[in-house]
Amino acid sequence: MNRDEKFAGLTERNDTVLNGNPKAIQKHQDAGKLTARERIDQLLDAGSFQELDRFRRHDCHDFGMEQKRPLGDSVVTGFGTIDGRLVYVFAHDFTVVGGSLSKVHAQKVCKVMDMAARNGAPIIGLNDSGGARIQEGVASLGGYADIFLRNVTSSGLVPQFSLIMGPCAGGAVYSPALTDFIIMVQKTSYMFITGPEVIKTVTNEDVTKEELGGADTHNALSGVAHFSVPDDAAALALMRELMTFVPQNNLEETPVIATTDAADRVCEDLDTLVPDSANQPYDVKDVITSVADDGYFLEVQQEYAQNIVIGFLRIDGRSVGVVANQPMFNAGVLDINASVKGARFVRFCDAFNIPLWVIEDVPGFLPGKDQEHGGIIRHGAKLLFAFAEATVPKVTLITRKAYGGAYCVMNSKHIRADFNFAWPTAEIAVMGGEGAVNIIYRKELANADNPAELRQQRLQEYQDQFLSPYLAADLGYVDAVIFPRETRKVLSNAFASLNNKRDRNPDKKHSNLPL
Ligand code: HXC
C-alpha cells in the first residue's frame, strides 16, 4: 500500500466515524438535542479539540454485539480549550447503543480523567447515557466503578463538571453526583437510578420520566442539580461562563477578569435597603448585585432551599463565592436543605481557592419536629463544619439579624473569619426581643399589674441594649461597623489584603464531616 492509499485509509475511517449512523442521528436531532460532536464543538474554542481513541471499539461478543462494533464506541473523548484554558472532555453518544457504558467506553473516559488529574485541568462530562451496557454485565459495572474512583480521587484536585443532556440512568447519574456541578437541560434530560418501567415493576408506582428526574425535579426538589437551562446550547454557554470563575486546579488561582467598575464605587442603594421593621423582608440579591463587578452574579441552585443564596461574583476582577441568608424566603432561616446547600458550596470554594463572602441576616435554625427528626443537628453541623474548616479568605457582612447558633455558624470571627463587618442595622444577640423578654422576664410579667406595658418597656430596653452591632464591636467580634454605601470599597480592600493569606488545617488523613 502506498502513502496515498494509507492516507485514504485514514480519511475513510475518519469519515465513517464522523458520519455515524445517520438515521439515529436524525432521530436524536429531531428530539431537540445536539450530537456529541456538535456539543463538543460548541463547548470548546473553535478548532481546539483534539480527539483521542477515535478508533477504539468494544470487545463484547454476546447478545449479537459482535455485529455492532462502531468505531469510537458510544463516547467521544479528548481535550481542548475554553477561552484558551485547557480542559478535558468526554461526550456520551446516545446514537450508539443509547450512549451506554461498555468496558471500552469506560476506559476512554478514564484515560481523559487521568490526564486531567495529572495535568491539572478541569474535566467536563457531557452526559447522555442509558447507564451500564446491559450486554456486557459486570465488565460494564467495573467500568463505572473505575470512573467513580477517579471522580473521588480528583475531587478537590481539579474542578469536575457534569452536563446532563439526555436520559441518564444508573451509573450515568452516580458519576455526575460525585462531581462539583451539575447542569441539566429542561425537557430532554433526566436523572434517575432506574427509570419508570423498572419502578412500575418493583413498587407498582406510576411516575413519568419528567416527574421522576427531570430538570425541575432535581433543581427545585432534590437538590441534585445546580443549574437548569432551556436547551443544549444554553448548557454549553453556561459551562463556558462557569469556567471564568474557577481555577484550573487546587494549586492555581482563579482567572482575573478586567473590569472598569471602580473598586471604591459607592453603593448608595444599599443605605435604604434594610427596612426599619425587623419583620419586613428585603432581597439579599440586591446586596450581591450592588456590590459585584458590573452587577453580575451567577447564582447556583437558584430554585433549591431559597432561604440561602449561593453563587459566584467578582470583586475587583477576582472570583468570590457568596453565601447569603435570604430574608425574602422564610425569613432566611437555616433549615436542613439550606445548611447542606451552603456547606457543599463552601467546600467547593475552599478546595479551589475561591474567597468567601458571607452575608448574614438570619433569625436562627428552624425549630420544629420535622426538622429535628430530619436531623437538623447533623445537617446544620455540616455548614458549621464547612465554614470552620475553610482556610480561603473569609469575610462576613452582618446586615441585620445574627441570632443564636446561626451567629456562630455563619462564618463568625470565632471560626476563623478574617473580617466581620456589620451595618448599623445589625442585631447580634442570642435571640430576638420578643423571645428573650418572654424568657428572662417570665416571672416578673406573670406578677405584673399591667403585663402588656411592662413587656413593651422590657422589650425596648432589650432592643436598645442588645439588638445592635456595638456590643460585638466592643468585644472585637465585629471588626468594623460600616455604612452600607461603603460595602463594595470595604470588601474590595478586605479581599485585596487577603490575597496572600496562608492558613492551613493540621495535617491529618482527612476530617470527619458529619455526613
Ligand atoms: C444497552 C441500551 C441501554 C443500556 C439504552 N440502550 N440503554 N443498551 N444497555 N443500558 C439502547 C436501547 O436498547 C436502544 O437501542 C437505544 O439504546 C436507545 O434507547 P431507547 O430506549 O430507544 O431510548 P429512550 O426511549 O430515549 O429511553 C432511554 C432510556 C432507556 C430511558 C435511557 O433506554 C432505559 O431506561 N434504559 C435502561 C436504563 C437503566 O435502567 N440503566 C441502568 C443500568 S444499571 P436500539 O438498538 O433499539 O436503538 C447501571 C448500574 C451502574 O447503570 C452502577 C451504579 C452504581
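Please read these numbers as outputs of a predicted model, since none were measured by experiment. (Residues numbered from 1 in each chain as written. Predicted model: local features only at pLDDT ≥ 70, side-chain atom pairs only at ≥ 80, totals over all residues. Heavy atoms only, no water.)

*Asks:* How do you make sense of the packing of aromatic side chains when you look at a structure like this?
*Replies:* To describe a pair of aromatic rings, one takes the distance between the centres and the angle between the planes. Taken as a whole, this structure holds 14 aromatic pairs when the rule is applied. Measuring from centroid to centroid gives 5.7 Å for Phe79 and Tyr88, while their planes differ by 45 degrees, and the two rings are tilted. Classification of Phe79 as partly exposed rests on a relative accessible area of 28%. By relative accessible area, which is 4% here, Tyr88 ends up buried. Three or more aromatic residues joined by ring pairs make a cluster, and in this case those are Phe161, Phe181, Phe227, Phe245, Tyr296, Phe312, Phe345, Phe348 and Phe352. Seen from the ring of Tyr441, Arg458 lies directly overhead, with NZ or CZ sitting 5.1 Å from the centre. (Phe/Tyr/Trp six-rings, centres within 6.5 Å; stacked < 30°, edge-to-face > 60°. Buried < 20%, exposed > 50% of the residue type's maximum accessible area, 1.4 Å probe, protein only. Lys NZ or Arg CZ within 6 Å of the ring centre and 35° of its normal.)

*Asks:* It is not clear to me how a nonpolar patch on the surface should be interpreted in this structure. Could you clarify?
*Replies:* On the surface, Leu471, Leu475 and Tyr477 cluster together into a nonpolar patch covering about 260 Å² of accessible area. Looking at the element boundaries, Leu475 is found in helix α19 (residues 470-475). When its relative accessible area of 51% is taken as the criterion, Leu475 is described as exposed. (Patch = residues over 30% accessible without salt bridge, like charges linked within 9 Å, V, L, I, M, F, W, Y side chains within 5 Å. Areas by Shrake-Rupley, 256 points an atom, 1.4 Å probe, with all protein chains shown as cover. Salt bridge = Lys/Arg side-chain N within 4 Å of Asp/Glu carboxyl O. Helix = DSSP H or I, 4+ residues; strand = E, 2+ residues; numbered from the N terminus.)

*Asks:* Could you clarify how one ought to interpret the packing of helix α12 (residues 336-351) against helix α14 (residues 376-389) in this entry?
*Replies:* Working note: a packed helix pair is described by the angle between its axes plus the distance between those axes. Between α12 and α14, the shortest axis-to-axis distance is 8 Å and the interhelical angle comes to 25 degrees. The angle between α12 and α14 falls in the class roughly parallel. Where α12 crosses over α14, the two elements pack in a sense that is left-handed. Residues Ile336, Ser339, Val340, Gly342, Ala343, Val346, Arg347 and Asp350 of α12 lie in contact with α14, whose contacting residues are Ile376, His379, Gly380, Lys382, Leu383, Ala386, Phe387 and Glu389. (Axes fitted to C-alpha atoms, helices over the stretch in contact; angles between N-to-C directions. Parallel < 35°, antiparallel > 145°, perpendicular 65-115°, else oblique. Left-handed = near helix turned anticlockwise from the far one by under 90°. Contact = heavy atoms within 4.5 Å.)

*Asks:* Sorry, what's going on with the site of the ligand here?
*Replies:* Lining the immediate surroundings of the ligand are 19 residues, of which Gly98, Gly130, Ala132, Ile134 and Gly171 lie closest. The backbone of Gly98 places a nitrogen or oxygen atom 3.1 Å from an oxygen atom of the ligand. Measuring from an oxygen atom of the ligand, one finds a backbone N or O atom of Gly171 at 2.9 Å. In isolation the ligand offers 1,000 Å² of accessible surface; the protein chains occlude 57% of this area. If you list the elements that add at least two residues to the shell around the ligand, you get α5 (138-154), β6 (167-169) and α6 (171-177). Element by element, the count of residues in the shell around the ligand is highest for α5, at three residues. Its residues assigned to classes, the shell around the ligand comprises ten nonpolar, eight polar and one charged. (Near = heavy atom within 4 Å. Polar contact = N/O pair within 3.5 Å; in protein donor to acceptor, adjacent residues only side chain to side chain. Nonpolar A, V, L, I, M, F, W, Y, C, P; charged D, E, K, R; others polar.)

*Asks:* Where do I start with the sheet that holds strand β1 (residues 50-52) in this structure?
*Replies:* Strands in a sheet are paired, the pairing made by backbone hydrogen bonds, and the direction either parallel or antiparallel. One open sheet holds the seven strands; their spatial order is β1-β2-β3-β4-β5-β7-β9, and the pairing between them is mixed. Across the chains shown, the open sheet's two edge strands, defined by having one partner strand only, are β1 and β9 (227-229). Put simply, the sheet's adjacent strands are angled 20 degrees from each other on average, direction ignored. Here β1 runs beside strand β2 (residues 75-82); their pairing, made up of three bridges, is antiparallel. Each bridged residue has a counterpart across the sheet, and for Glu51 the counterpart in β2 is Gly78. (Pairing = 2+ DSSP bridges.)

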